[in-house]
Amino acid sequence: MFFPGDAASRRKVALGGRSSKEQDRQKLLEQTRLEREQRQRRRLCNHSAIVIQKFFRGRRAVAAERLALRHKFCATFGELGQKADKSVFKIQCSYLPQLLYFFSLNNSNDFWCLVGACNLLLRSLSETDNAVSLFTDGEYTAERAIIEHRVKRLARLCLLAINQHRDTFESKFVVPASLLRTGNGTEVLLDTIFLLTRDNLLWSRATLDYLLHKDLLFILRGLLLTLKAADATTLPREMPRLENILFSLALRDVQRPLDRKDPQSKFAFSAQILSIPLLWQRSPTFKQVAVSQGLWAQFIHMIAENYSEFLNTLPPASAPSFPSKICLLGNILEASGSALSQSDVTVQLVTDFANVARYLMEELPPYYFKSAENVTDEDGMEIDESALSMVPEPVLEQQLRYASHPDFLRNLVRVTFSQGNLLRNVQNASNSEPPSETEVAVISATCAFLYASFVVLPRSVVLTNLAYSAQLVPQLWHYIRRCHLSGRWPAMAVVWRTGPDGSTGAELLGALLPLAAFCPVYSYMLTTTDNEEFYEQQRPLKLDDAVQLVLILKEAIWQLRWILAPKLSAVGTTMQNMDTQVKHMSSQGVRQFVSDASSRLLAELHDRNSRRQFTSPETFHAREAIDESFFSQAEGENSRARELLRQAPYLIPFSSRVRVYTSQVSSARQSNSSPHPFSRSRITIRRDRIVEDAFAQLNALQEEFLRGTIRVSFVNELGVEEAGVDGGGIFKDFMENITKAAFDIQYGLFKETADHLLYPNPASHMVHDDHLSYFEFLGKVLGKAMFEGILVDIPFAPFFLSKLRKKHNYLHDLPSLDPELYRSLLFIKHYEGDISELGLYFVINDNEYGEQIEVELLPGGKDMPVNNTNVIRYIHLVANYRLNSQIRQQSSYFLHGFQQLIKPEWIDMFNEHELQVLISGSHEGMDVNDLRTNVHYAGGYHEHHPVIEMFWEVLKTLDSNLQQKFLKFVTGCSRGPLLGFKYLEPQFCIQRAAPEDAPDEALDRLPTSATCMNLLKLPPYKSKEAIREKLLYSITAGAGFDLS
């Protein structure tokens, strides 16, 4: 069909899919909905306006009525109520109802009207013994509701008025002269509240409950917070009134039934008041009364039994720098310090206090007492920056330090161990009766608190006061010993912060907690205990007790580091992402702490035993660590045995540790055969300039060349290169000779003690300009000797060997340097008279090569006399200077060179005396029988050959000096291997140097050797005399390698 050309005739189609009528319908519905909502809003606005107008008219009417009533009150009773007398308190009088009705907090005249009414009430109550008669002439029961209502309202208005004017609480108000009063306004109002809530009044209980419900404690908290702690002593008039109210509330709080299910009500007083910052400095009298009346013990007991609920009721911090939990801890520590000093303090109080204080200490950041300048903790761990920002307020920090105060710790330990049964055991150490449940509870709580103190507080202060003021070691030791002798450690149920590890049972914790408190304190004491005290006076423990302690520590370490090690590693993996504080304050943290502390203590006892035995060395060895299977595990890098060697090496016999050490060094040497072998170096040494030539050629070598093979060519005194090819023997001879020359005291780098033991010369700078470089070089020389397994005869002083292990020296190390100085310091230490009479100052004199220098031990020490108070510090400063300070530079450079070849972990499993054996071998001399057992024969010789029989007989007849020369002749070293000739590489060999039927002319030759192969070339001499003559000539000729 064709288009007609008329557009109007076409039908319109809505492309939107809806008709126009439908669109109009939707628009209409939307418009209707909007109009309906608008009408609803209009009605709501009208209703709101009516309510507001009604409220406003009502308030305006009330205000007008109050104003009219105030005028009527003033006309009847005076402008400030001064016309009233005590009869106005009768229920039929309108005095109190009118005052309670028109009173406004914002009207100053109303405030003074209230003060006048309270003043009148106080005078009236003081004049009568029957308070009820002041309000009614009839029966109290009939008028009770009205009287209680008026008393409650009056007390409430007094409380609100005080709170309203708390900003001026510290200054006295200007009071009209016409107002008779006993004090200023706040004093009167406080007295009124206190009197209206006295226990002897019939309405006191209802009034107090009403005030508590109306935020009495919150307002009192605010009032106390307005007072500055430093100004507490300047407020003798206000403070007693507040304290009276506090005491009344505290007494009511502990006497009321505790069966309320609402924690906010149950702990209202404790949470609101005891968490006030520096409470006892604001209210000192309340502390004294609460402690003396026994209220404090009841508060602590209530908190201890319901700690989790109590913690949730604490109010917000009054300031960011005064968190409520930390303020509560400070107040508890300060008040408990006073409570512990009381003669009637109970063990239950100590148990409750220790538990609560530990709970709160767990909330402290672990570095709360670290200053911002210290970026690492005592163990070298990095400190979180957020922790550094939480430095406490000085006044709050001082309050928290009550936990480390000597008097506080002394009283805590005294009461903890005050049980009669325990005191009898202190006197009778042989008693093995297990402790009672009460003892276990108090000791476990105290030990857990002390552990938390070690973690949170400055540890050195806590250890010092526990060791010397509290005398913890002997008392806690007797408890530990009783448990050990009884064969049963009592279970200790201690709740720690929530963590993933719940595997530690109460029985295991019963053994760990006493050790957690004992080991750090006893270790600290050993650092300052001299040899006379330890061995002769047997303080702080008898030597028999020390042996028992070794057995206990050995078992504890074995259990923790071997038996429980897999469990601990599994738990440790789970705890890696946990907060540092949670790690410490958990059973896992306790186990790790005890493991480390007991290992350190056992090492210190082992060190004492190495110097002078108080028990056999086998006492320290764990039975299970002796078998071959343990050694095979110890060779693995990440095995339990290797970890045990690192942490508690003295559980393992010395010979087993030497095997591990030689295995480690041997593995390092064998890296030569790797695809990238160490480079080989060749040096030429003049025998008469051995130190200088070696320093010039070896000191500049990098570490990989030092670890590699070094070939030596000697030039004799005539300038002629000695015969012989260095296959290792010449190098061993070089090592012996250079150590003998460089460490000789005539060279000036080292000095010797009275026992001829070597240590760095403190005045080495006066001998060699480049002395520090020489010390670094000598460290490399010693390290190279140990790396190659060459024993050198260098007797070092133990206090210097400790520097190779980065260990600090203490007073008991001084005899190895200067026995005379040590005896002098002991004389001063035990001097019973006035030390100042000796004329000592904090200075020490150095006399080196005729030059005397005065060194101050402390800044200004030359003007600081030594007296009975600081004598111990003087003694340890002198010992520290002689043993550590004056050789610090030399030791540091020596150690730097030494560690280029010997890794620290290789020698950390040995003490100083054992390390000397690693360096020089045993002093027992050569074991001929051991050498004969581990020998190889060649060239026709065998074990029963007549020449061989005669040779061994001759060798046995030589003295130890000649035997050492023989050993040097055939091996290049005068000392045998540490573990015996079985480990000599290559095996010692005796080779026949001529035929059996050789003529006498051929047998006139001397024995020769090849030290690189540990080979002795021995002609078949006919007699023992010939063997002895030729052998002695060869080993004593000193001809170098010309004879070979």
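Here we summarise the structure given alongside this text.

## Some points on the overall build of the protein
Then, in step 1: Helix and strand content of the protein: 46 helices and 10 strands.
Then, in step 2: When each of the 1044 residues of the protein is scored for burial, the buried share is 51%.
Then, in step 3: In the protein, of all internal contacts separated by at least 6 residues, the share reaching a separation of at least 24 is 75%.

## Overview of helix α5 (residues 185–196)
Then, in step 1: Taking 1.5 Å of rise per residue, the 12 residues of α5 would be expected to cover 16 Å, and the 17 Å separating its terminal C-alpha atoms lies within 8% of that figure.
Then, in step 2: Of all 12 residues that make up α5, 11 are buried, and the element is covered over most of its length.
Then, in step 3: Those residues of α5 that fall on the buried side of the exposure criterion are Gly 185, Thr 186, Glu 187, Val 188, Leu 189, Leu 190, Asp 191, Thr 192, Ile 193, Leu 195 and Leu 196.

## Concerning the sheet that holds strand β7 (residues 935–938)
Then, in step 1: Overall, mixed pairing links the 4 strands, which are arranged β7-β8-β10-β9 in an open sheet. Among the strands making up the open sheet, the edge pair consists of β7 and β9 (1008–1010). Taking each pair of neighbouring strands and ignoring which way they run, the sheet shows an average axis angle of 20 degrees.

## With respect to the packing of aromatic side chains
Then, in step 1: Tallied over the entire structure, the rule returns 48 aromatic pairs.
Then, in step 2: Ring centres of Phe 353 and Phe 408 lie 5.6 Å apart, and the angle between their planes is 75 degrees; this geometry places the pair in the edge-to-face category. Taken together, the residues Phe 353 in helix α16 (residues 347–361) and Phe 408 in helix α19 (residues 406–416) connect sequence positions 55 residues apart. For the pair formed by Phe 353 and Phe 408, the shared burial category is buried.
Then, in step 3: Relative to Phe 910, the ring of Tyr 661 has its centre 5.9 Å away and its plane inclined at 90 degrees; by these criteria the two rings are edge-to-face. Linking Tyr 661 in helix α32 (residues 654–669) with Phe 910 in the loop between α41 (904–907) and α42 (912–920), this pair joins segments that are 249 residues apart in sequence. Neither Tyr 661 nor Phe 910 differs from the other in exposure class; each is buried.
Then, in step 4: Members of the aromatic cluster, connected to one another through ring pairs, are Phe 73, Phe 77, Phe 89, Tyr 95, Phe 102, Phe 135, Tyr 140 and Trp 203.

## Some words on a nonpolar patch on the surface
Then, in step 1: On the surface, a cluster of nonpolar side chains totalling about 280 Å² of accessible area is made up of Met 766, Val 767 and Tyr 849.
Then, in step 2: Tracing the chain through its elements places Val 767 in the loop between β4 (758–760) and α36 (771–787).

## A few points about the nonpolar core
Then, in step 1: Counting 273 residues, the largest nonpolar core has Phe 449, Phe 518, Leu 605 and Phe 734 as the members making the most contacts within it.
Then, in step 2: With 13 residues, the single largest contributor to this core is helix α21 (residues 437–456).
Then, in step 3: Among residues more than four places away in sequence, those in contact with Phe 518 are Val 473, Leu 476, Trp 477, Ile 480, Leu 541, Leu 549 and Leu 601.
Then, in step 4: Ranked by size, the runner-up nonpolar core spans 29 residues in total, among them Val 947, Phe 951, Leu 955 and Leu 967.

## Some words on unusual backbone geometry
Then, in step 1: Pro 540 follows Arg 539 through a cis peptide bond whose omega is 0 degrees.
Then, in step 2: Considering the arrangement of structural elements, one finds Pro 540 in the loop between α25 (531–536) and α26 (543–563).
Then, in step 3: Here Gln 538, not a glycine, exhibits a phi torsion of approximately 55 degrees, which is positive.
Then, in step 4: On the secondary structure map, Gln 538 appears in the loop between α25 and α26.
Then, in step 5: Of note in this structure, Lys 806 is not a glycine but carries a positive phi near 55 degrees.

## Quick look at the pattern of salt bridges
Then, in step 1: Taken as a whole and assessed by the stated rule, the structure comprises 36 salt bridges.
Then, in step 2: For Glu 148, the salt bridge identified is with Arg 144, shortest N-O distance 2.9 Å. With Glu 148 and Arg 144 both in helix α4 (residues 140–164) and 4 residues apart, this pair spans about one turn of that helix.
Then, in step 3: With a closest N to O distance of 3.3 Å, Arg 539 and Glu 533 form a salt bridge.
Then, in step 4: When salt bridges that share partners are traced, they join Asp 607, Arg 611, Arg 805, Lys 807, Asp 813 and Glu 912 into one network.

## Notes on empty space enclosed by the protein
Then, in step 1: In this structure the tally under the stated criterion is 2 cavities of 30 Å³ or more.
Then, in step 2: Roughly 70 Å³ of internal volume is contained in the largest cavity.
Then, in step 3: What lines the largest cavity is Leu 698, Leu 706, Ile 710, Phe 731, Phe 734, Met 735, Phe 777, Lys 780, Val 781 and Lys 784.
Then, in step 4: Of all the secondary structure elements, the ones that give two or more residues to the lining of the largest cavity are α35 (729–742) and α36.

Thresholds applied
- Every chain begins its residue count from 1, and numbering advances along the sequence as written.
- The model is predicted, so local features are restricted to residues of pLDDT at least 70 and side-chain atom pairs to those at 80 or more, both for listing and for counting; the totals for chains, interfaces and linings are taken over all residues.
- Excluded from the side-chain calculations are hydrogens and water; all other atoms, namely the structure's heavy atoms, are used.
- Per the convention used, a helix needs a DSSP run of H or I reaching at least four residues, while a strand needs a run of E reaching at least two, with both numbered from the N terminus.
- Exposed residues in this analysis have more than 50% of their type's maximum accessible area, buried residues have under 20%, and partly exposed residues fall in between, with area computed by a 1.4 Å probe over protein chains only.
- The contact definition used throughout considers only heavy atoms, calling two residues in contact when any of these lie within 4.5 Å.
- Expected helix span is taken as 1.5 Å per residue step, with the number of steps being one fewer than the number of residues.
- One bridge is not enough; two strands pair if DSSP finds at least two bridges between them.
- Note on definitions: angles span 0 to 180 degrees between N-to-C directions of axes, and those axes are lines fitted to C-alpha atoms, for helices only across the stretch in contact.
- Here a Phe, Tyr or Trp ring, Trp counted by its six-membered ring, pairs with any other such ring whose centre lies within 6.5 Å, and the pair is stacked when the planes are under 30 degrees apart, edge-to-face when over 60, and tilted otherwise.
- Distance thresholds for patches are 9 Å for like charges and 5 Å for nonpolar side chains (Val, Leu, Ile, Met, Phe, Trp, Tyr), applied to residues having over 30% relative accessible area and no salt bridge.
- In these tables, accessible area is a Shrake-Rupley quantity obtained with a 1.4 Å probe, and a residue counts as shielded only by the protein chains included in the view.
- By convention in these notes, a salt bridge is any Lys or Arg side-chain nitrogen within 4 Å of a carboxyl oxygen on Asp or Glu.
- As used here, the term nonpolar core means buried Ala, Val, Leu, Ile, Met, Phe, Trp, Tyr and Cys residues forming a set that is joined through side-chain atoms within 4.5 Å.
- Here a cavity denotes a set of grid points, spaced 1 Å apart and computed over the protein atoms alone, in which a 1.4 Å probe fits but from which it cannot get out, and a pocket denotes an open set meeting protein on both sides within 12 Å along at least five of seven lines; residues with an atom within 4 Å of a point are reported as lining.
- Grid points are joined across faces, edges and corners, and a volume is the space filled by probe spheres set on the points.

Scope: geometric values only; no functional claims are made or implied.
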